[in-house]
Amino acid sequence: MDKYILSLICFLPLVGAFFILCLNKKYEKSIKSVAFIFSLISFILSCYLLKNYNAFPIIAPKEPSLYAGYDKNSFLELKWIDTFNIYYRLCVDKLSVLLLILTGFLSSIAVLVSNSIKNNIKGFYALFLLLLCGMNGVFVAGDMFLFYVFWEIMLLPMYFLIGIWGGKNRMYAAIKFFLYTLFGSVLILLVILAYYYKMKALGFSNDAFNIAKIIEAKPFYQYGEISLIQYLLFFALFIGFAVKLPVFPFHTWLPDAHVEAPTAISVILAGVLLKMGAYGFLRINFPFFPEIMALDGIKLFLAILGVVNIIYGALCALSQTDFKKLVAYSSVSHMGYVLLGLASMKEEGVNGAVFQIFAHGISASMMFILVGVIYERAHHREIARFGGIAHVMPKYFAYSMVGFFASLGLPGLIGFIGEFLTFLGVFSYSKIMACIAGLGMLLTATYILLTMQKVFLGEKKEEYAKFLDVTLVEKCTLIPLAILCVVLGGFPSLLINEYMPFIEMYKYIMNF
Amino acid sequence: MFMNVLLGILSEVILSVGIIFIILLDIFLNDSNSKKFISRVSLSVLLLSILSVVCNINYYLKEQFFLNSNIILDNVSVVFKLLFLFGGIVTIFISKSKNFLNNKKTGEFYTLLLGAILGASLIVSSNNIILFYLSFEMLSISSYVLAGLNDTKKSKEGALKYALFGGVSSSLMILGFSYLYGLSGTIDISQMTYIISDMLTLETNVISIIISLLLVFVGIGYKISLFPFHFWVPDVYEGAPTCVSAFLSVVSKAAGFSFLLRVLLIPVGLWYEYFWNGVSVNSFQIILGLLAVCSVCYGNFVAIKQDNLKRLMGYSSIAHAGYMALALSSGNKLAIKAVIFYLLVYLFMNFLVFAFINFVENIKDKKDIYLADIRGLGKKFSLIGVCVFIAIISLAGLPPTGGFSGKFLLFDSLIERALSFKDFGFASYYFLSLALIGVLNSVVSFYYYMKIAKTMFLSESSDEEILVEDKNFCFVYKIFILLLVIPILLLLNFSIVGFLYNG
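Owing to the predicted nature of the structure, the values given are computational and were not obtained by experimental measurement.

Parameters at a glance
Residues numbered from 1 in each chain as written. Chains lettered and ligands numbered in written order. Predicted model: local features only at pLDDT ≥ 70, side-chain atom pairs only at ≥ 80, totals over all residues. Heavy atoms only, no water. Helix = DSSP H or I, 4+ residues; strand = E, 2+ residues; numbered from the N terminus. Polar contact = N/O pair within 3.5 Å; in protein donor to acceptor, adjacent residues only side chain to side chain. Contact = heavy atoms within 4.5 Å. Buried area = accessible area lost by both parts, 1.4 Å probe. Salt bridge = Lys/Arg side-chain N within 4 Å of Asp/Glu carboxyl O. Nonpolar A, V, L, I, M, F, W, Y, C, P; charged D, E, K, R; others polar. Phe/Tyr/Trp six-rings, centres within 6.5 Å; stacked < 30°, edge-to-face > 60°. Buried < 20%, exposed > 50% of the residue type's maximum accessible area, 1.4 Å probe, protein only. Lys NZ or Arg CZ within 6 Å of the ring centre and 35° of its normal.

Participant: Pulling in residues and values, what's your account of the side chain of Arg311 of chain B?
Facilitator: All names here are of chain B. Within the secondary structure, Arg311 is located in helix 14 (residues 309–329). Within the structure, the side chain of Arg311 is placed 3.2 Å from the side chain of Asp235, a separation counted as a polar contact. Excluding residues that lie within four positions of it along the chain, Arg311 makes contacts with Pro234, Asp235, Glu238 and Gln306.

This is the structure in structure tokens:
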């Protein structure tokens, strides 16, 4: 089973989707439970994967084998398209396994929070499972072609999930999301083709699409000067992934998509899809071009983009009147830390960036769920119209404290660790950058505290007096997230120790 | 010997006999049942000639010449013949519609359709300028009449436009051929290419050769609807009966490409090579590349604003011709394979969309289908909707569909060409930028393709329209569309047409 566990993780959701399509429309409960069970299976299988992780050995400290650090048990390589040496090649390293777990976990939660979906439930959950298939596929693909196929498969269900079940302006948001991401991904496609020929010319035609082999062989690397083509390929990949992260000029799809998407889809968007940009940087973009990442100019450029993301996202969040849009911009701001940490090319910085990936995945999902809870009751999201919610819904207030303060970066909660580690790395890289980014933390605190004050504190308002406190289902979704926020905030080494081998490998590849 | 020759052109012979037979049938049978009978006869003629190709496929795959080397047979011509014949069958299926063929034109339609297919399959296998020109005109003239078969003003206007443009471009083409004949003294295409490439290496008559080749290219560019020769496309597609538009967009275009491939297949540089910034660049490649870029951009950007579905598909077909021409401008072997593969996928996806348009025409009892007419149809007919959606994302070039693999191969050939230069210089960037423009254009194209999907699935259907529902018709249609959609998905794995790559 170990051999095929990755295929199972990837394609079981697809089986679930077919299963749902076969069910009758009337059995809403069973459709929902099927979706939940299949997400949970994906989560459990990923946990099993982590437990039985058996890494390919590194032969000598200075010369790792091709698949060093990848999981040995689940590695799978089958011929797919002969004439082009395209393989069905699935492999995972520690980072992918952890992201798979995050994906499974958040998908299960997303199914639970999608109670508000009332029309065409069958279609919703079938598309949702198709999306899950695409997301899992991206994390397990070890072949560029396969990676690209999954990367695109993920887009279509997302388009419909936003376009059909979204808010008022859903069509616009959906097509904008799609075109932005497609623009990025076609650039990735060109790079894939370029690599194919270069690898073939160098005599690696069998491994022309193999990600690990490309990292090892560095086909475009030449001693000394860096050629224009290397820059072009680097930036084509960078833009492709930057759209997903999202990095400053390409971020405009995100607020629209988040505001229009239903809560469950916002959770997936913030929790998993944004992480794919970071995953692309860590697994493909930067390891393909360590020589470019070693340049001071490029580091500075990326760090500036990261800082702009942090400050600009925070400033935008500060001026929002819509609750959900605020959370969306806070996502932009938080993903800036990831880029900044990666740009620093220091062990602590990269460590912080990876931690931030998970921290943001958990805290942002929690925030979106919290916004969803209040929206379901009030049917509006204007911050100014709320007030005194803490009196009406004390339990909700308690969960919100955890979620929002985790996002703010309060010590003891999960958000703090990621930001702290990032700052550690950035500080040793450039003190000015660290100072400016520190300003971002201040801004974050400002907008989160202001929002909490406006929404939860103040006079009790008549129109909200009859609001129910969090229901059982909502508790089921919020408690696990809250526990994670606290536990990983208190004992971050639980997570750091897991992904440390990945950092070691990354450090070796990037040579810093 | 005689049997040998007969075997070589068996499918064409069957088609010709079939055409004569249908004309006779049309004269002698006049009752209402005859319509069905004639359509069955023509279907069986097409099936028979497909069978004749398939049964002798091993015999055909060897390269050989017939009839004083007027006819050439190799794997490319076999693939194209099958493509045309299959296209004919699908066209006949789409032609079953309430608005079309109610009148007495049944016999004419089938005769002309088979005639066009006969012309197309002779184009692929001709090795003689005269034969090529005759078959080219056979295809063209049949298409002019086919385009005018609808009883609307638009249809007549489109047909007239088509005929006028076609007349001009084919006269230019024959002018080019006469130059080539004068220069080389032969009408045999393969001999002519050798003589002309010799002339080019000796640098004699260079200017007149280039002019004559460009003139020939005008005729082909018009057939494949490349940018400056595309003006007939939207009007003809809009006016013509849907099945004819589908036929023109696939079969007629593929016929044009088949001749372009024949020219490119000849390994000796037929086109004058000269040195540009120290790198040898083919003048033809530059012309073709630029025209292709124009046609991709033009087709995609104009299609964004279209409301009429058939017109939209017309512009999209201009863009698709551009994609294929882009790949051909790289001038390598890979491009030829890629274009053949793309045409194969294009056949399925384009026919599926046109079949859908025909379906809507039938249930709404209308002749012009606008975007507003397909509102909410995806929800009503979910199976057909999903199939059309697959065809659409395939046209846009997204995985997991054959359209993605096709585009992958097309851009592949460009990038291969760009990286094949020893020093990475201007020429490499030229080909890279061609690929980049092509790829970015597929993002643009996605916008208008998605508009179709959006109106089908996301818009509410307006209830006041009367839907003419015919259970039997719908059922048959579902099966038919499913049959078309399966290859689109299967072709994601392009090794399944491996024989293309071994040849």
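Participant: Can you break down the interface of chain B and chain A residue by residue, with the values?
Facilitator: Contact with chain B, which involves 35 residues of that partner, is made by 35 residues of chain A. Summed over both sides, the interface between chain B and chain A buries roughly 3300 Å², with carbon and sulfur atoms accounting for 86% of that surface. Summed over the three residues of chain B that lose the most area to chain A, namely Phe408, Val443 and Leu458 of chain B, the buried surface amounts to 18% of that side. There are zero salt bridges connecting chain B and chain A. In this assembly, chain B and chain A are joined by one residue pair in polar contact (both at pLDDT 80 or more). Those elements that provide at least two residues to the side of chain B that touches chain A are helix 17 (382–396), helix 18 (402–420) and helix 19 (426–457) of chain B. The dominant element in the side of chain B that touches chain A, judged by the number of residues it contributes, is helix 19 of chain B, at 13 residues. Class assignment of the residues belonging to the side of chain B that touches chain A gives a composition of 28 nonpolar, four polar and three charged.

Participant: How would you summarise the packing of aromatic side chains if you had to cite specific residues and measurements?
Facilitator: This structure, assessed with the given rule, holds 67 aromatic pairs over all chains. For the pair Phe281 of chain A and Phe286 of chain A, a centre-to-centre distance of 5.1 Å together with 0° between the ring planes defines the contact as stacked. Ring plane angle 15° and centroid distance 6.4 Å describe the contact between Phe358 of chain A and Tyr499 of chain A, whose orientation is recorded as stacked. Remark: Tyr499 of chain A occurs in helix 21 (residues 493–510) and Phe358 of chain A occurs in helix 15 (residues 347–378); sequence separation between them is 141 residues. Per residue, the accessibility class of Phe358 of chain A equals that of Tyr499 of chain A, and both read buried. A cation sits over an aromatic face here: Lys407 of chain B above Tyr323 of chain B, 4.5 Å from the ring centre.

Participant: Could you give me a rundown of unusual backbone geometry, with the residues and numbers involved?
Facilitator: All names here are of chain A. Each neighbour pair has its own omega, and for Leu245 with Pro246 the value is -5°, a cis peptide bond. Here Pro246 is to be found in the loop between helix 9 (228–244) and helix 10 (253–260). One non-glycine residue, Lys218, adopts positive backbone phi at about 45°. Along the chain, the position of Lys218 falls in the loop between helix 8 (211–217) and helix 9. With phi around 55°, Met345 is a residue other than glycine that occupies positive phi space. Here Met345 is to be found in the loop between helix 14 (323–344) and helix 15. Given the relative accessible area of 4%, Met345 is considered buried.

Participant: Which residues make up the pattern of salt bridges, and what are the values?
Facilitator: Scanning all chains against the criterion turns up 17 salt bridges over all chains. Between Asp143 of chain A and Arg89 of chain A there is a salt bridge whose closest N-O contact spans 3.0 Å. Here the residue Asp143 of chain A occupies a position in the loop between helix 4 (121–140) and helix 5 (144–153), and Arg89 of chain A occupies one in strand 2 (residues 86–90), the gap between them amounting to 54 residues. Of the charged contacts, one joins Arg89 of chain A and Asp207 of chain A as a salt bridge, the two residues approaching to 3.6 Å between their closest N and O atoms. In this pair, Arg89 of chain A is assigned in strand 2 and Asp207 of chain A in the loop between helix 7 (170–201) and helix 8, connecting sequence segments 118 residues apart. Each of the two residues, Arg89 of chain A as well as Asp207 of chain A, counts as buried. Overlapping salt bridges, with partners in common, bring together Lys154, Lys161, Asp235, Glu238, Arg311 and Asp368 of chain B in one network.

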